[in-house]
Amino acid sequence: MKSILLVEDELVISRVLKAYLQKAGYQVWQAEDGVEAIRLFDEKKPALVLLDLMLPERSGWEILQYIREKSACPVIIMTALGQTDQKLKGLNQGADDYITKPFVAEEVVARVNAVLRRSVILVKDQETRFFGSLKINFQSHHVTLHGLELVFHPRDLSLLLFLAQNPNQTFTREQLIEQVWGMDYGGSDRAVDLAIKRVRKTLENWPAHEGEIKTLRGVGYQFCVY
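Okay, so let's go over this structure. (Residues numbered from 1 in each chain as written. Predicted model: local features only at pLDDT ≥ 70, side-chain atom pairs only at ≥ 80, totals over all residues. Heavy atoms only, no water.)

Attention now moves to the pairing of strand β12 (residues 220–225). Of all the 6 residues making up β12, 5 are buried; the element is thus mostly covered by neighbouring parts of the structure. Summarising the sheet, strand β11 (residues 211–216) and β12 pair through 6 bridges and their orientation is antiparallel. Across the sheet, the residue bridging to Gly-211 is Val-225, located in β12. Linking β11 back to β12 in an antiparallel pair, the connection comprises 3 residues, with Gly-218 at a positive phi of about 80 degrees. (Buried < 20%, exposed > 50% of the residue type's maximum accessible area, 1.4 Å probe, protein only. Helix = DSSP H or I, 4+ residues; strand = E, 2+ residues; numbered from the N terminus. Pairing = 2+ DSSP bridges.)

Below is the structure:
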């Protein structure tokens, strides 16, 4: 059973969401303030965090930053701050989705399901794969090169994991946005190019004869292995 950390200080909303998430088969941990949210995140290691921004003790922005410094755990922001600049700020700081209040509980559950489908990238019979000197653990999301662990921005890591799970397959920018950023992403597809550039920079010591992230002009990108 996957666990959800629900960070919401409005008890009525929290109780309703907990009931719907439990009905959908999730275990739910509840936090009413930022301090409790951090404690439960470290202790319970949830599969996903539903995060309100307006919280006592520590703000949702602080919680999001804390999570992103430690983990690629999916985060869905829930807030009454529905302005476009706030939504873009949340997505750019590492949130995987953004839900504006008031919302319908069924929609929240549907978005949780969708984000987890995108985020849980597992290889059926083999959680770890080697691409020459590049080692990727698809369950723990650890990537090493020549035995040294590489550090990625969470979104860049999700992009690499998706491409590496589908080696030698070409994906358009639109397909990558749908799979990694999500269908609700409202930014430019230029974000894909920038993420690819950062991933390549991190993988700059990966020997060219072992593989590369290849650009197929006019088509898209491919995790090419030899």
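All right, on to the pattern of salt bridges then. This structure, assessed with the given rule, holds 13 salt bridges. Residues Asp-52 and Lys-101 are paired through a salt bridge, measuring 3.5 Å at the closest nitrogen-oxygen approach. Of this pair, Asp-52 sits in strand β3 (residues 48–52) while Lys-101 sits in the loop between β5 (97–100) and α5 (105–119), and the two are 49 residues apart along the sequence. The exposure class assigned to Asp-52 is buried, which follows from its relative accessible area of 3%. Judged by its relative accessible area of 15%, Lys-101 falls in the buried class. For Asp-193, the salt bridge goes to Arg-190, with nearest N and O atoms at 3.6 Å. In this pair, Asp-193 and Arg-190 both sit in helix α8 (residues 190–202), 3 residues apart, roughly one turn of the helix. You can call Arg-190 partly exposed: its relative accessible area is 48%. (Salt bridge = Lys/Arg side-chain N within 4 Å of Asp/Glu carboxyl O.)

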